[in-house]
Amino acid sequence: MRHRYGVGAVLQAAAVVVAAVLMSGCSSGDSAQDKAWQEEYCAKLGAWQHEVRARTANVESAGNAVLYAAKKLDKAGLEHGGTRILDDTVNAIGGDTGAEGRAVAYCDSAGFEGPVDSVG
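Residues numbered from 1 in each chain as written. Predicted model: local features only at pLDDT ≥ 70, side-chain atom pairs only at ≥ 80, totals over all residues. Heavy atoms only, no water.

Along its 23 residues, helix H2 (residues 32-54) runs 33 Å from first to last C-alpha, staying within 8% of the 33 Å computed at 1.5 Å per residue. Every buried residue of H2 is accounted for by Asp34, Gln38, Tyr41, Cys42, Leu45, Gly46, Trp48, Gln49 and Glu51. The secondary structure elements touched by the buried residues of H2 are helix H3 (59-76), helix H4 (85-93) and helix H5 (97-110). A positive backbone phi angle near 55 degrees is found at Arg55, which sits one or two residues after H2. (Helix = DSSP H or I, 4+ residues; strand = E, 2+ residues; numbered from the N terminus. Expected span 1.5 Å × (residues − 1). Buried < 20%, exposed > 50% of the residue type's maximum accessible area, 1.4 Å probe, protein only. Contact = heavy atoms within 4.5 Å.)

This is the structure:
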């Protein structure tokens, strides 16, 4: 039995494969967008740390901003070394210094240690 596949069928199959790859969330972590999201997260984490230590009225707003940035990293699969950046961020905002330390270590490993303060 011979199967005949037209150009349309081949193009449709290729489109399905491309869509699956794009939706998989796989990332090499090397793209400019990935680095921009990591830098944004680390800057927002550092801003949140500053607001907490200064005990300002902007703590909640800064916390929401860093959570939003963490959600982008989580969705894109931009964790390092088995970390769960969204979970660590949620827990850090809740007062868990261990989670905050892991979030800071994430920024260090991503090359954006400047905006964040070490936990200690």
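And the narrative resumes.
The next point concerns the packing of aromatic side chains. Any aromatic ring pair is given by two values, namely how distant the centres are and how the planes are angled relative to each other. Using the criterion set out here, one finds one aromatic pair in the structure. Ring geometry for Tyr41 and Tyr106: centres 6.0 Å apart, planes at 85 degrees, overall edge-to-face. Residue Tyr41 is located in helix H2, and its partner Tyr106 is located in helix H5; the two are separated by 65 residues in the primary sequence. Here Tyr41 matches Tyr106 in class, with each residue buried. (Phe/Tyr/Trp six-rings, centres within 6.5 Å; stacked < 30°, edge-to-face > 60°.)

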